[in-house]
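Remarks on the overall topology
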Amino acid sequence: LTQPRSPFADNETALRKFTRETLEKLWRLPRDVTKGWERNVLESMFHFDPETGRRWVAEERQRGGAKATIDLGQRLMRTAEIEATADADEALAKVEALKPQAAFDVLLQLARRYEKTDPAKALRFAEEAVLRARAVELPNRAWCLTDVAGLVGRLGREEAARTLIGGAATVAEGLATDRMHGYA
């Protein structure tokens, strides 16, 4: 008995080919044309094909590319390594080496990934993200607390989410109102 062929298989193949070709063309553009937007291309490639993303980071480092692009690439590689870890304890151990903001970003991403498939694991990552959010420097601390509060609420911990929102509001009240701080 053979499995019927999906009518969308050709479309999926064409879409993957188109995506790869587009990202590769954007990556080859001169940096004076991309003006920093190459970081978005790199991040998209890491989601699409992590191995190509790693190769691009190495190429960027060899040609003496922008520090921000190389730093992003290194962060994406660490995140991919941690995400590849199936065991929550092992993933949490790997996050220990990261600075609070980077650790928060990875933990929030992991929690969101498991939100639907394994809510208990998602909640564990979210709880650790809360601890990291509280260690993030101002003004980003308010944003981090708010981000994780939404996820905690969706995971069924409404009271904890309200507490986090209250904490974020308290942090935001203490911020200056000039520049972007006024939005927190």
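See the structure shown above.
Below is a summary of the structure that appears in this document.

Cut-offs used in this document
- Residues numbered from 1 in each chain as written.
- Predicted model: local features only at pLDDT ≥ 70, side-chain atom pairs only at ≥ 80, totals over all residues.
- Heavy atoms only, no water.
- Core = buried A, V, L, I, M, F, W, Y, C linked by side-chain atoms within 4.5 Å.
- Buried < 20%, exposed > 50% of the residue type's maximum accessible area, 1.4 Å probe, protein only.
- Helix = DSSP H or I, 4+ residues; strand = E, 2+ residues; numbered from the N terminus.
- Contact = heavy atoms within 4.5 Å.
- Lys, Arg positive; Asp, Glu negative; His and termini not counted.
- Salt bridge = Lys/Arg side-chain N within 4 Å of Asp/Glu carboxyl O.
- Polar contact = N/O pair within 3.5 Å; in protein donor to acceptor, adjacent residues only side chain to side chain.
- Axes fitted to C-alpha atoms, helices over the stretch in contact; angles between N-to-C directions.
- Parallel < 35°, antiparallel > 145°, perpendicular 65-115°, else oblique.
- Left-handed = near helix turned anticlockwise from the far one by under 90°.
- Nonpolar A, V, L, I, M, F, W, Y, C, P; charged D, E, K, R; others polar.

1. Regarding the nonpolar core
Nonpolar side chains tend to gather and get buried jointly when the protein is soluble and globular. Ile 82, Phe 104, Leu 110, Phe 125, Ala 126, Val 148 and Leu 164 are the most contacted members of the largest nonpolar core, which totals 36 residues. Counting only elements with at least two residues in this core, the list comes to helix H6 (88-95), helix H7 (100-114), helix H8 (119-135), helix H9 (140-154) and helix H10 (158-173). Counting residues per element, this core draws most heavily on H7, at nine residues. Every residue in contact with Leu 164, bar those within four places of it in the chain, is listed here: Val 130, Arg 134, Leu 145, Val 148, Ala 149 and Val 152.

2. Points about the side chain of Glu 38
Topologically, Glu 38 is positioned in helix H3 (residues 38-48). With no salt bridge to any partner, buried Glu 38 finds its closest opposite charge in Arg 31, at an N-O distance of 4.2 Å. Here Thr 34 takes part through its side chain, which lies 2.6 Å from a polar atom of the side chain of Glu 38. Reaching out from Glu 38, the side chain makes a polar contact with the side chain of Thr 69 at a distance of 3.1 Å. The contact partners of Glu 38, leaving out residues within four places of it in the chain, are Trp 27, Arg 31 and Thr 69.

3. Topic: the packing of H6 against H8
In contact at an axis separation of 11 Å, H6 and H8 are set at 15 degrees when each is read in the N-to-C sense. Looking at the two axes, H6 sits roughly parallel to H8. Read as a crossing pair, H6 and H8 show a hand that is right-handed. Residues Ala 88, Asp 89, Ala 91, Leu 92 and Val 95 of H6 touch H8, and the partners they reach there are Lys 121, Arg 124, Phe 125, Glu 128 and Arg 132. Residue composition of the contact of H6 with H8, by class: five nonpolar, no polar and five charged.

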